[in-house]
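This is what each chain is made of:
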Amino acid sequence: MSSNFPAMQLKCIGCSAQGDLGRRYECCLCGPEVTYCGPCFDEGRNSPTLNHMYYHPMKAIYSRAEFDLFFSGEVQENGEAPQSYKCPFCDEMGFTSEELQVHVVVKHGKHADGPALLAILEAMNRVEAGAGKAMLATTEIRCQEKSRGGLSYEVILAEPAPNVAVPKRPVTPGKNVSVEEIEQKLKAAEERRISLEAKKMADISNKLAKVEEATRKKDEITNEFITQTKEQLESKMEQHVEKREAIISDMKEKLKVYVYLFTSDIKQNRINNCLQIHAQEIEKTRETLEQQKANEQKAIEEKLKIAQSLRDENIKKMLDRLKEHNTIKIAEIKSQNDQLECQKLEEKARLYENKLFAAELKREQELQKKIDKVQKLERRAELVRQNKAQAQDMDGQQSPIASSG
């Protein structure tokens, strides 16, 4: 798995994710044109395209954050994590390129696409073994359609280049890892997971604080708007009252003038009629102004109720969104932690199996050595017994001769 950290912005062809994909998988043959994000590749969305086939090996590339999360604290050879491939025929994981080649030959030798995958793996192994970029440049993989639904591949390899120094393959680190080191790594991973969870919870708390601050500011603005509106309406009502009192006082002055002008008995009835008319007009004006005041007060109350209901509804929506967001994030964090724990347990089991297998081989070798040693001692004892018998025979023959002499 490569540990390079490219700054290029990529796009997953399996979903709409783009930009910094974190952990992504790239085809070893097609390059960045065939790139899947980690979740899409884990779900098996490695779909074939015009040039890309489903059995092409996919290499994993990590961003800085993902690399530190998966491999922090581990010593990597040449600064890169060990590569791991998945068999495209049986979905078995955890192979190097050489191990995958042996696996395909043993278990999938009769598969229709087995020869094509073996040719690709052989070229990759030659490059990894030191044949270099020259051999990769002179290796050609031809593909032509053999029948509907099938492809036949012809692999052409260049002649071996003379005087090419084949570098020694470095010893894979981590085979002699002790249980204490594994427990330390697991403990470090657990501490990193706890720190990440604490950081995410702190971010959520900050977001909640921001929401509360925004709600408080909104309440302040709403209260200020209500106060200003009330003050404006009260000032308008005071102006209306002043105007009404001015009109009433003016009309009273006019009435006094009319009374003063028509003091005679002849015009008394006319004066009374005029007074009644003016009194009726004054009463109508007063009722109209009171009706306007009541309508304005009712409109103000309705506006205040609408503003209050809108504010409560917006606060409820914001709280629901925040709860939904927190639930989704917590579920994602738990699923990621479960996947990390499963991967770590599988890696630990694989290491234990390798150690048991090595111990079994060593025990068989020691047993065979002891068996060979016992057989050798038995042969030597047989020779001693034969020599002893011959010596006794020779002594028996010499004793009669001595007695006759």
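Anything mentioned here points back to the structure above.
1. Details of the overall build of the protein chain
Move 1: Secondary structure summary: the protein chain contains six helices and nine strands in total.
Move 2: For the protein chain, the proportion of its 405 residues judged to be buried stands at 20%.
Move 3: Within the protein chain, counting contacts between residues at least 6 apart in sequence, those at least 24 apart form 56% of the total.
Move 4: Surface accessibility of the protein chain: about 30,100 Å² in total, with carbon and sulfur atoms responsible for 55%.

2. Considerations on a positive patch on the surface
Move 1: On the surface, a cluster of positive charge is contributed by Lys200, Lys207, Lys210 and Lys329.
Move 2: Of the residues forming the positive patch, the biggest block, three residues, is contributed by helix α5 (residues 179-261).
Move 3: Secondary-structure assignment places lysine 200 in helix α5.

3. Some points on the sheet that holds strand β4 (residues 31-37)
Move 1: Ordered by their spatial adjacency, three strands build an open sheet running β4-β3-β5, and the pairing between neighbours is antiparallel. In the strand order of this sheet, the two ends are held by β4 and β5 (58-61), each with one partner. Direction aside, the axes of adjacent strands within the sheet are offset by 35° on average.
Move 2: Taken together, the four bridges between strand β3 (residues 24-27) and β5 define a ladder with antiparallel strand orientation. Each residue of the ladder has a partner; that of tyrosine 25, found in β5, is alanine 60.

4. Let's talk about the pairing of β3
Move 1: Here β3 shows two buried faces, one formed by Arg24 and Glu26 and the other by Tyr25 and Cys27.
Move 2: The pairing of β3 with β4 spans four bridges and is antiparallel. Directly across from cysteine 27, in β4, lies its bridge partner glycine 31.
Move 3: Once β3 ends, the chain turns through three residues before running back antiparallel as β4.

5. A closer look at the packing of aromatic side chains
Move 1: Tallying each qualifying case throughout the model produces three aromatic pairs.
Move 2: An angle of 15° between the planes, with centres 4.0 Å apart, marks the rings of tyrosine 25 and phenylalanine 41 as stacked. Of this pair, tyrosine 25 sits in strand β3 while phenylalanine 41 sits in helix α1 (residues 38-42); the two residues are 16 residues apart in sequence, bridging distant segments of the chain.
Move 3: Assessed through its relative accessible area of 13%, phenylalanine 41 is described here as buried.
Move 4: Judged by centre distance (6.4 Å) and plane angle (70°), the ring pair of tyrosine 54 and phenylalanine 89 falls under edge-to-face. Of this pair, tyrosine 54 sits in the loop between α1 and β5 while phenylalanine 89 sits in the loop between β6 (85-86) and β7 (93-95), placing them 35 residues apart in sequence.
Move 5: Under the relative-accessibility criterion, phenylalanine 89 is labelled buried at 18%.

6. Things to note about the side chain of histidine 108
Move 1: With respect to the secondary-structure elements, histidine 108 resides in the loop between α3 (97-107) and α4 (114-137).
Move 2: For histidine 108, a relative accessible area of 14% translates into the label buried.
Move 3: Apart from residues lying up to four places away in sequence, histidine 108 is in contact with Cys87, Phe89, Cys90, His103 and Gly114.

Cut-offs applied
Residues numbered from 1 in each chain as written. Predicted model: local features only at pLDDT ≥ 70, side-chain atom pairs only at ≥ 80, totals over all residues. Heavy atoms only, no water. Helix = DSSP H or I, 4+ residues; strand = E, 2+ residues; numbered from the N terminus. Buried < 20%, exposed > 50% of the residue type's maximum accessible area, 1.4 Å probe, protein only. Contact = heavy atoms within 4.5 Å. Areas by Shrake-Rupley, 256 points an atom, 1.4 Å probe, with all protein chains shown as cover. Patch = residues over 30% accessible without salt bridge, like charges linked within 9 Å, V, L, I, M, F, W, Y side chains within 5 Å. Salt bridge = Lys/Arg side-chain N within 4 Å of Asp/Glu carboxyl O. Lys, Arg positive; Asp, Glu negative; His and termini not counted. Charge placed at Lys NZ, Arg CZ, Asp CG, Glu CD. Pairing = 2+ DSSP bridges. Axes fitted to C-alpha atoms, helices over the stretch in contact; angles between N-to-C directions. Phe/Tyr/Trp six-rings, centres within 6.5 Å; stacked < 30°, edge-to-face > 60°.

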